Amino acid sequence: MDLHLTPEHEMVRKMVRDFAEKEVAPIIQEWDRKGEMAPHILPRMAELGILGICLPVRYGGQGFDYLSLGLACEELEVVDTTLRVIMSVHMGLNSLGLLQWGSEEQKIRFLVPQARGEKVAAFGLTESGAGSDVAAMASTARRAGDDYVLNGEKIWISLATKAHHVLWFAKTDPVATDPHDGISAFVVETALPGVSCGDLHGKLGVRAGSTGWVSCQDVRVPSSHRLGEEGEGFRIAMSCLDNGRYTVASGATGLIRASLEASLRYAQERRTFGRPIAGHQLVQQKIARMVQSYEAARLLYWQAGWLKNIGRRNTRETSMAKWFATDASVEAALEAIQIHGAYGYSDEYPVERYLRNAKGAVIYEGTSEIHTLMQAGYALGTRTDAALRLELPAYDAAAWQAAAA
Amino acid sequence: MNVVVCVKQTPDTAASLSVKDGRASWGDAPLVLNPWDEYAVEQALRTKETHGGKVTALSMGPTEAREALKQSLAMGCDEAVLVTDPALAEADSLVTSAALAAALRKIGDVDIAFFGKQAVDTDTGVTAAQVARRLGWPSLTLTAAIPALDPSQRSITVERMMEESRQTVRAGLPAVVSVVKEINEPRYPSFMGIRRASKAEIPVWSAADIGLTPVPAAVLSWPEMIAPPKVEVSCEFIEGATPQEIAAQLVSKLFEAKVI
């Protein structure tokens, strides 16, 4: 067993950290207040290669492993959750789904520009009446000759107004005996006629990001844009979530670290009863607990990243990492505010933003309740993961780094 | 252009310095490429991008200094060389400059040697000038801009950062140029650069390899370091019913404290 990061991992981490600290940290509060994404963020993340970090070089990516993706997400979310959300949808939920399920032609057409950051990608699963209950979705895809005609509206879509491609889930068989088997997946280009989108405002957190709705009205897509087979959509969506949840887990680990670092700073500056508050045992208890959460969350996502690297199914471990890290990030942010006292309650310090951002992640990509039930199911033997027709490929350094033929 | 950038591995600037048994200690702070040297690496890379040629990163230090060289490679340097030798462990800047000058001679045909203006740990700021003196090259320190560089005419013009002004200086090549942070914005390493750097085998030269035998003895040592007494700052809020009342109280307090 070796838990050392390689020098390559360390350099990736430092590079992403430097970007987030220098180019985003100084302006994030302003954009969080405005409720908009700072316009330079996506172009810079594209230019630096972050948007293609763990995709093979031959598909326009940077050829790094899945652990590097987690490390990058941790560093991004230390500065702001919205940076990590970009990686969750663009990479975790969409691009890795294309890598796993896409035909060579689809990879060339859609994955390459996404890996290069020329196109931004989102994930359209949730609807107003279908969150945890995915099979309740109302979106439809009707076969029309060699095309499909898509209708429906997706909501709570990250990067809704930024994305060029949406991985879109809709029912090709609305009357399937098992409604899960009636769902298919499509790549929808948002420039197509009939696609519209907008951002939602009034959110508790992730305010410096784009969260919105995407609607398809009689949108025609060729059948060659269907990902996987007809009826395979639910399994595709769940496999995408295995990767999205990994980015949420690693990001939430970063959010715990942000709460911890802010608390360490403040507890050593602020004095009460003649000494820094760090000298008080109840403050120490909060800090110790954050350290514990941080290290446990980090080990859990490292484990998930390692499993991905060696090509082993990791639905259980990824769910565990996501569940633990997001719950712990809410707790850490709450305690960080408590340590900051009244100052923590105002946006003079970043900890209130950490709390607002943390709360979203115990809801999206599987609520904490869903993950609780999943873990109980695995423990009781009532839940097992059936093999998929196509699994996420194991990381192979030589194959990932080989240039296009 | 044959460009060399001399770099040092230093503790992270976020690390706090403490005095332990009369010696400076940064605890277990992470070691990084000296932040001032990032500007030097950037300038070396820009010089190559404009004029062609190659950039070699050169460091003298313990074997761990390889990491600073890897960071330089990740940013885009073509090659790196580490000079390390037990006899150089206690080097002062005079010894360091002898080693770097010898290594620059061994590299050969160098047109420009870039340096950061100083290292964040020892803060002497004289190594670049000493290297220039040893090589007999012009010493262009505190460079904030390079408005002209003409390899065919073997000339370089730099703006040196002075207090409240800039001084334009012209010199011939080869030259030593130390840079200040106003000169550029250092790039991040690219992912491709990181991969190349992590696989790179960095040649290691001993004192004998660079012909520095015997290694001269250091003329400076740090027999003692004293931590400055901590300044205790206390903050007091003056309250009052009206601004006038608060101002009056403030004035009397400033009188009491003999500030005014």
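The structure under discussion appears in the preceding block.
Below you will find a few notes about this structure. (Residues numbered from 1 in each chain as written. Chains lettered and ligands numbered in written order. Predicted model: local features only at pLDDT ≥ 70, side-chain atom pairs only at ≥ 80, totals over all residues.)

A closer look at the overall build of chain B
Heads up, the rule is: The helix count covers DSSP runs of H or I at least four residues long, the strand count covers runs of E at least two residues long, and both are numbered beginning at the N terminus. Here a residue counts as buried when 20 or more other C-beta atoms fall within 10 Å of its C-beta, as exposed when 12 or fewer do, and as partly exposed in between; the C-beta atoms come from the backbone. Two residues qualify as a contact pair if the distance between their C-beta atoms, derived from the backbone, is within 7 Å.
Along its length, chain B carries 6 helices and 13 strands. Judged by the C-alpha coordinates and their principal axes, chain B covers about 75 × 45 × 40 Å. Within chain B, the proportion of its 260 residues that are buried is 40%. Expressed as a percentage of contacts within chain B between residues at least 6 apart in sequence, the contacts between residues at least 24 apart total 68%.

Comments concerning the nonpolar core
Cut-off, in case you're wondering: Connectivity within a nonpolar core runs through C-beta atoms within 7 Å, and the core itself is a set of buried Ala, Val, Leu, Ile, Met, Phe, Trp, Tyr and Cys residues.
Phe 186 of chain A together with Val 5 and Ala 99 of chain B are the most contacted members of the largest nonpolar core, which has 185 residues in total. Considering every element that reaches this core, the biggest residue donor is helix α7 (residues 233-269) of chain A, with 16 residues. Among residues more than four places away in sequence, those in contact with Ala 99 of chain B are Met 60, Val 83, Leu 88, Ala 91, Ile 210 and Leu 212 of chain B.

As for the interface of chain B and chain A
Inclusion rule: Gly counts as polar in this scheme, as do all residues outside two lists: the nonpolar Ala, Val, Leu, Ile, Met, Phe, Trp, Tyr, Cys and Pro, and the charged Asp, Glu, Lys and Arg.
Of the residues lining the interface, 10 residues belong to chain B; the matching set on chain A comes to 15 residues. Of all the secondary-structure elements, those providing two or more residues to the side of chain B that touches chain A are α2 (66-75) and α5 (191-199) of chain B. Element by element, the count of residues in the side of chain B that touches chain A is highest for α5 of chain B, at 5 residues. Considering only residue class, the side of chain B that touches chain A consists of 6 nonpolar, 2 polar and 2 charged.

Quick look at helix α6 (residues 243-256) of chain B
Quick note on the threshold: Helix span is expected to be 1.5 Å times the residue number reduced by one.
Taking 1.5 Å of rise per residue, 14 residues should cover 20 Å, and α6 of chain B covers 20 Å from first to last C-alpha, within 8% of that figure. Burial runs low along α6 of chain B: only 0 of the 14 residues are buried.

Some details on the sheet that holds strand β6 (residues 54-60) of chain B
Residues and elements named next belong to chain B. Quick reminder of the rule: A pair of strands counts as paired when DSSP detects no fewer than two bridges linking them. A fitted line through C-alpha atoms represents every axis, and for helices the fit uses only the stretch in contact; the resulting angles, taken between N-to-C directions, go from 0 to 180 degrees.
The strand order β11-β10-β9-β12-β8-β1-β6-β7-β13 describes an open sheet built from 9 strands, whose pairing is mixed. Across the chains shown, the open sheet's two edge strands, defined by having one partner strand only, are β11 (165-172) and β13 (204-205). Sheet topology note: the strand β1 (residues 2-7)/β6 ladder contains 6 bridges and is parallel. Looking at β6, one finds that Val 7 is bridged to Ser 59. Here helix α4 (residues 127-135) sits on the sheet in contact with β8 (112-116), β9 (139-150) and β12 (175-179), set at roughly 65° to β9.

Some points on the pairing of strand β7 (residues 211-222) of chain A
Residue and element names in this part refer to chain A. Two elements, strand β3 (residues 147-158) and β7, share 10 bridges in a ladder whose sense is antiparallel. Its bridge partner lying in β7, Ile 157 is registered against Gly 212. Of the strand pairs in this sheet, strand β6 (residues 195-199) and β7 are connected by 5 bridges, and their pairing is antiparallel. The residue bridging Cys 197 from the neighbouring strand is Val 214, located in β7.

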